Amino acid sequence: MHPFKHLQVVNHHRFEVFKLCVRCGIIWRGLTHDLSKYSKTEFVEGATYFCGNRSPIQKCREINGYSLAWVHHIHRNKHHPEFWVDYPYYIMMPYPYAVESICDRIAACKIYHKKKYKEKDALDYWNKTKEHTPVHPNMAKFYQTVFEDLAKYGEPYILNKKYMKETYQKCTKESK
């Protein structure tokens, strides 16, 4: 069990998300991001399965076949697409949560890849997981577009309010 190392990673992740959210003009979402990670359900599991180079949720799933912390987390954090699922319906995430979700994925790549981080990492992760991510088709288009643009043009191009707003509107207007 590594409570202090896990706390350090959680705090570092939240700070990275905050910085990205500020650049995108959603300061409150950055300030309140992932507060549930300090709850007993999430924190204890995170400290127990801490590994430092990936999410402890993945390690917990490998060992137990499920993660109670993940179930707790997605039902309290609207920046996760799973929050917006009412099977068989997928609800499009409102703009601030959609942008926070982008910032969350970029920050996670930075935290876990450390000095090996590349701007294409978020796209690689999305491409690897999208088949198993329950998400509204327009949200999938938003993720794909933003992560492709991040890989192609870099953070300064995508991490701003104008780009995010225009891209979100474009992706939500098409194929309604």
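Residues numbered from 1 in each chain as written. Predicted model: local features only at pLDDT ≥ 70, side-chain atom pairs only at ≥ 80, totals over all residues. Heavy atoms only, no water.

### Quick look at the overall build of the chain
As a reminder, the rule being used: The way it works is that DSSP assigns letters per residue, a run of H or I at least four long becomes a helix, a run of E at least two long becomes a strand, and they are numbered from the N terminus. Just to be clear, the radius of gyration here is over C-alpha atoms, and the globule rule we use is 2.2 Å times residues to the power 0.38. Exposed residues in this analysis have more than 50% of their type's maximum accessible area, buried residues have under 20%, and partly exposed residues fall in between, with area computed by a 1.4 Å probe over protein chains only. Calculation of accessible area relied on Shrake-Rupley with a 1.4 Å probe; when residues are assessed, cover is drawn exclusively from the protein chains displayed. Within this scheme the basic residues Lys and Arg register as positive and the acidic residues Asp and Glu register as negative, but His and the chain ends are omitted. We put the charge of a Lys on NZ, of an Arg on CZ, of an Asp on CG and of a Glu on CD.
In terms of regular secondary structure, the chain is built from 10 helices and two strands. Relative to its length of 176 residues, the chain is compact, with a C-alpha radius of gyration of 16 Å against a globular reference of 16 Å. On the principal axes, the C-alpha backbone points of the chain span a range of 45 × 40 × 30 Å. Counting over 176 residues, the chain shows a buried share of 50%. Here the chain has roughly 9700 Å² of accessible surface; of this, 58% comes from carbon and sulfur atoms. Seen as two clouds, the 29 positive and the 18 negative side-chain charges of the chain have centres 3 Å apart.

### Regarding the packing of aromatic side chains
We describe a pair of aromatic rings using the distance from one ring centre to the other and the angle between the two ring planes. The condition that has to hold: The pairing test for Phe, Tyr and Trp rings, Trp by its six-membered ring, is centres within 6.5 Å, and the orientation test on the planes gives stacked under 30 degrees, edge-to-face over 60, and tilted for anything in between. Only lysine NZ and arginine CZ atoms are considered, and such an atom sits over a ring when it is within 6 Å of the ring centre and within 35 degrees of the ring normal.
Taken as a whole, this structure holds nine aromatic pairs when the rule is applied. Centre to centre, the rings of tyrosine 95 and tyrosine 168 are 5.3 Å apart; their planes meet at 75°, and the pair counts as edge-to-face. Here tyrosine 95, found in helix α6 (residues 95-113), pairs with tyrosine 168, found in helix α10 (residues 161-173); they are 73 residues apart in sequence, far enough to count as distant. In this pair, the class of tyrosine 95 matches that of tyrosine 168, namely buried. Site record: aromatic cluster; members linked through ring pairs are Phe83, Trp84 and Tyr97. For arginine 105, the ring lying beneath its charged end belongs to tyrosine 143, and the centroid distance is 4.5 Å. Just above the ring of tyrosine 95 sits the side chain of lysine 165; from NZ or CZ to the centre is 4.1 Å.

### Notes on the pattern of salt bridges
To be explicit about the condition: The salt bridge definition used is simple: a Lys or Arg side-chain nitrogen within 4 Å of an Asp or Glu carboxyl oxygen.
Evaluation of the coordinates by the stated rule reveals eight salt bridges. Notably, a salt bridge pairs glutamate 62 with arginine 54, separated by 2.8 Å at the nearest N-O pair. Since its relative accessible area comes to 56%, glutamate 62 is described here as exposed. Taken together, the shared-partner salt bridges in this structure form one network comprising Arg23, Lys110 and Glu155.

### Details of the environment of valine 146
Selection criterion: Pairs of residues are marked as contacts when any of their non-hydrogen atoms sit within 4.5 Å.
Topologically, valine 146 is positioned in helix α8 (residues 137-153). Since its relative accessible area comes to 0%, valine 146 is described here as buried. Valine 146 sits 122 residues away from cysteine 24 along the chain, and the two C-alpha atoms are 13 Å apart. When sequence neighbours within four positions are dropped, the list of residues in contact with valine 146 reads Ile102, Ile158, Tyr163, Met164 and Thr167.

### What to know about the packing of α6 against α10
Rule in force here: With axes taken as lines fitted to C-alpha atoms, and helix axes fitted only over the stretch in contact, angles between N-to-C directions fall between 0 and 180 degrees. Should the near helix be turned anticlockwise from the far one by less than a right angle, the crossing is termed left-handed; should it be turned clockwise, right-handed. Here the nonpolar group is Ala, Val, Leu, Ile, Met, Phe, Trp, Tyr, Cys and Pro; Asp, Glu, Lys and Arg are the charged ones; every other residue, Gly included, is treated as polar.
Contact geometry of α6 with α10 gives a least axis separation of 11 Å together with a crossing angle of 115°. Crossing handedness for the pair α6 and α10: right-handed. Between α6 and α10, the residues in contact are Tyr95, Ala98, Val99 and Ile102 and Lys161, Met164, Lys165 and Tyr168, respectively. Along the lines of polarity and charge, the residues of the contact of α6 with α10 split into six nonpolar, no polar and two charged.

### Concerning the environment of histidine 73
Inspection of the secondary structure puts histidine 73 in helix α5 (residues 68-74). For histidine 73, a relative accessible area of 3% corresponds to the buried category. Contacts of histidine 73, omitting those with residues within four sequence positions, involve Asp34, Ser36, Lys37, Glu42, His79 and His80.

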